[in-house]
Number of protein chains: 4
Amino acid sequence: MTDKTKTRIAEASVGLFVRKGVAQTTTKDIAAAAGIAEGTIYRHFESKEALVEHLFLSNYLPLAKTLDGIQKRAATTMRKLETIVRYLYEAYDHDPTIFRFMLITEHGATAKIPDGIATPVSVMRKVIKEGIKTGAVRRIDPQIATHLALGLILQPATAHVYGEITGPLAPRANDVVDALSRVLSA
Amino acid sequence: MTDKTKTRIAEASVGLFVRKGVAQTTTKDIAAAAGIAEGTIYRHFESKEALVEHLFLSNYLPLAKTLDGIQKRAATTMRKLETIVRYLYEAYDHDPTIFRFMLITEHGATAKIPDGIATPVSVMRKVIKEGIKTGAVRRIDPQIATHLALGLILQPATAHVYGEITGPLAPRANDVVDALSRVLSA
Amino acid sequence: MTDKTKTRIAEASVGLFVRKGVAQTTTKDIAAAAGIAEGTIYRHFESKEALVEHLFLSNYLPLAKTLDGIQKRAATTMRKLETIVRYLYEAYDHDPTIFRFMLITEHGATAKIPDGIATPVSVMRKVIKEGIKTGAVRRIDPQIATHLALGLILQPATAHVYGEITGPLAPRANDVVDALSRVLSA
Amino acid sequence: MTDKTKTRIAEASVGLFVRKGVAQTTTKDIAAAAGIAEGTIYRHFESKEALVEHLFLSNYLPLAKTLDGIQKRAATTMRKLETIVRYLYEAYDHDPTIFRFMLITEHGATAKIPDGIATPVSVMRKVIKEGIKTGAVRRIDPQIATHLALGLILQPATAHVYGEITGPLAPRANDVVDALSRVLSA
DNA sequence: GATGAATGAGCGTTCATTCAT
DNA sequence: GATGAATGAACGCTCATTCAT
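Residues numbered from 1 in each chain as written. Chains lettered and ligands numbered in written order. Predicted model: local features only at pLDDT ≥ 70, side-chain atom pairs only at ≥ 80, totals over all residues. Heavy atoms only, no water.

1. Some words on the protein's contact with DNA strand E
Inference 1: Within the structure, DNA strand E sits among 30 residues, and Tyr-42 of chain A, Arg-43 of chain B, Thr-27 of chain C together with Thr-5 and His-44 of chain D are positioned closest to it.
Inference 2: Each atom of DNA strand E within 4 Å of the protein was assigned to sugar, phosphate or base; sugar and phosphate come to 61%.
Inference 3: His-44 of chain B is positioned with one of its side-chain polar atoms (N or O) 2.8 Å from a phosphate oxygen of DNA strand E.
Inference 4: In the environment of DNA strand E, a phosphate oxygen lies 2.4 Å from a nitrogen or oxygen atom belonging to the backbone of Thr-27 of chain C.
Inference 5: Counting only elements with at least two residues in the surface near DNA strand E, the list comes to helix H3 (38-44) of chain A, helix H3 (41-44) of chain B together with helix H3 (38-44) of chain D.
Inference 6: In terms of residue count, the dominant contributor to the surface near DNA strand E is H3 of chain D (four residues).
Inference 7: Its residues placed into classes, the surface near DNA strand E shows six nonpolar, 18 polar and six charged. (Near = heavy atom within 4 Å. Polar contact = N/O pair within 3.5 Å; in protein donor to acceptor, adjacent residues only side chain to side chain. Helix = DSSP H or I, 4+ residues; strand = E, 2+ residues; numbered from the N terminus. Nonpolar A, V, L, I, M, F, W, Y, C, P; charged D, E, K, R; others polar.)

2. Points about the confidence of the model for chain A
Inference 1: Residues with a pLDDT of 70 or more make up 96% of chain A, whose mean pLDDT is 93.
Inference 2: By mean pLDDT, the top-scoring element of chain A is helix H9 (residues 173-184) of chain A (98), and the lowest-scoring one is helix H6 (residues 96-104) of chain A (90). (pLDDT = per-residue confidence, 0-100.)

3. Some points on the protein's contact with DNA strand F
Inference 1: Taken together, 30 residues are adjacent to DNA strand F, and Thr-5 and His-44 of chain A, Thr-27 of chain B together with Thr-26 and Tyr-42 of chain D come closest.
Inference 2: The share of sugar and phosphate among atoms of DNA strand F within 4 Å of the protein is 60%.
Inference 3: A distance of 2.7 Å is found between a phosphate oxygen of DNA strand F and a side-chain nitrogen or oxygen belonging to Thr-40 of chain A.
Inference 4: At 3.0 Å from a phosphate oxygen of DNA strand F is found a main-chain nitrogen or oxygen belonging to Ala-37 of chain C.
Inference 5: By residue number, the principal contributor to the surface near DNA strand F is H3 of chain A, which donates four residues.

4. As for helix H6 (residues 96-104) of chain D
All names here are of chain D.
Inference 1: Within H6, burial applies to Ile-98, Phe-99, Phe-101 and Met-102. Viewed along the axis of H6, the buried residues span an arc of 155°, placing them on a single side of the element.
Inference 2: The inward-facing, buried residues of H6 contact helix H1 (4-20), helix H4 (48-73) and helix H5 (77-94). (Buried < 20%, exposed > 50% of the residue type's maximum accessible area, 1.4 Å probe, protein only. Arc of directions from axis to C-beta. Contact = heavy atoms within 4.5 Å.)

Below is the structure:
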């Protein structure tokens with residue numbers, strides 16, 4: 001059996017962090033939302049900051065693995081990017097909270113991720129670099145290309161978080177994939 | 001003569017907000033940086049929150065005016081977008097602080113802007129909508145198109161804030177303008 | 001067989017109390033040092049305070065018995081005091097921890113000892129009172145005489161606890177015994 | 001005008017520290033006793049620990065100066081020690097609190113006093129060392145002699161703190177001075 | 001207008017103690 | 001007996017805000 005209380009704390013706190021912001025969420029809020037005593041948080045996490053970091057890394061880094069697996073199963077660069085976008089937007093629709101949390105969390109505020117560890121961003125960069133090598137992606141600085149692609153994917157999601165785009169995100173994937181193709185294709 | 005002290009407070013606080021984050025910046029920090037007493041902040045701003053809002057709106061809304069002026073002087077949709085991007089990236093290079101502040105603060109603060117007030121985002125949307133009408137921009141949902149364009153423009157700036165892209169941003173404008181053209185052109 | 005766990009707790013905690021102070025030692029520290037669970041402490045002691053009291057009394061009161069036995073076997077008042085000092089200083093050198101604990105804890109904990117129970121202090125007082133009666137000790141208020149004697153004996157030990165005197169204490173016994181003789185002899 | 005509030009905090013807290021112990025006195029207690037808000041403590045002292053240290057050092061170190069002045073005005077070693085004892089016991093009777101605080105505070109717990117700074121203990125040691133040099137004090141290790149003398153002086157005061165000796169301390173000075181003379185005289 | 005000492009609610013965190021297993 | 005997760009009151013401390021000067 002997995003650690004029930006730790007999970008309760010984690011699930012309750014992402015929700016609060018997304019709704020109210022990390023700084024505006026108190027340990028008291030978290031305890032109340034998780035139905036536990038405030039002190040119990042500290043049996044499972046060293047500090048509130050450690051809880052935030054755990055939440056971020058335990059979702060952000062596994063997502064890299066998932067995206068890498070998805071990417072490997074697709075044949076071409078454009079199919080790789082397409083399946084990644086579709087996966088992300090469907091996952092967002094299925095449980096927006098954790099994605100909102102990742103979108104909202106200031107990367108700089110969380111502990112630095114050691115070099116060499118795969119992140120969703122590094123997976124994207126790898127796909128694009130390989131695309132350039134194979135000629136599927138036009139000649140362009142891979143770093144700027146990565147961020148242009150990220151912009152196309154993340155900005156609609158961010159807009160959705162703040163209510164500027166409404167309804168499920170998945171149907172928007174077509175437009176995004178199309179845009180990716182236009183920006184990157186050779 | 002404009003309110004000297006108010007300006008000192010404003011200038012000192014954006015710097016701190018960008019460097020340390022809004023929540024992590026105390027009124028004591030602000031007073032020290034501005035060379036004034038803590039209480040003096042409250043002669044010029046109702047609260048710390050009001051200071052943040054003032055800082056955001058007094059830069060964000062005038063930027064809309066500026067971008068609208070720029071946009072009006074350009075002949076075609078693509079030239080409009082190009083001059084906007086070049087203006088933004090040069091302004092970022094000239095004084096990154098205020099742009100970083102807007103990038104960091106944007107969400108949450110935008111909620112308070114009444115409908116009908118022009119924002120940089122609404123200027124972008126207007127340009128794109130007009131482009132669709134004139135046929136310069138391909139047929140696409142203007143809302144998603146606006147956010148695709150914003151993603152292309154803002155993500156490289158965000159990446160710069162977090163040190164993933166280094167050096168001046170202005171030379172990157174070419175790649176962004178090119179991408180905008182590919183995504184939007186009919 | 002005596003209560004093994006209780007002994008483990010007692011031994012582990014004196015060490016911690018001496019090294020870090022009673023207030024700075026947590027029940028968690030004690031459990032870790034004793035190799036038991038935190039809750040187990042409460043099977044053996046009603047509270048942390050009761051543990052401290054037990055530790056103090058279970059060493060302080062038996063010490064009175066020991067000193068009284070020693071005292072009884074010596075012929076003269078001065079020999080009584082001499083053997084007491086030598087015993088104390090040798091015991092301190094052999095296991096400073098428990099003596100340091102008594103030196104540190106003494107005040108406040110002594111309040112709980114019922115009248116009529118022999119303590120090291122009461123043994124000293126008895127020896128001195130008898131000395132006055134037999135004429136071995138000069139005429140002096142027995143209460144002040146007791147504390148003058150205690151001062152001569154305890155202050156070097158206290159100085160050793162705080163590192164102002166180093167090396168074994170036993171060789172210092174000569175000087176202390178000599179001083180006791182000078183202060184008390186008729 | 002001196003800092004009224006800081007003085008109020010200092011005076012209120014020594015009283016509490018002596019009555020309840022440092023660890024058992026909370027910042028809330030101090031604020032209530034001083035008639036101020038809890039936060040105000042931190043306008044005058046960096047932390048509770050710093051308050052304790054300030055209290056200790058601002059009384060302990062000046063006492064060294066006072067004792068040194070007293071000592072210089074006396075002609076012989078024994079007169080020096082006599083006036084020191086009389087001064088201490090009269091000061092204790094006049095305001096026992098601060099003396100109790102110094103007696104109770106664990107020296108080791110407060111910040112280390114830098115070498116070369118005069119303390120009451122170092123003044124005592126100096127007087128005794130000079131006494132040995134002039135022949136007024138018998139040949140004896142100055143370090144042990146200092147602590148024997150300290151024991152004679154402090155133990156009656158400590159006994160008074162814990163109620164084992166009652167009434168004013170000053171009349172006891174005669175016995176202590178006599179004892180000092182017996183222990184130290186050549 | 002400016003000051004800065006004072007405020008006090010509320011923060012993140014600790015830890016002696018309890019109790020179901 | 002032993003466990004260790006859970007508790008929650010209480011801690012030291014922070015900081016946006018106020019107000020007498």
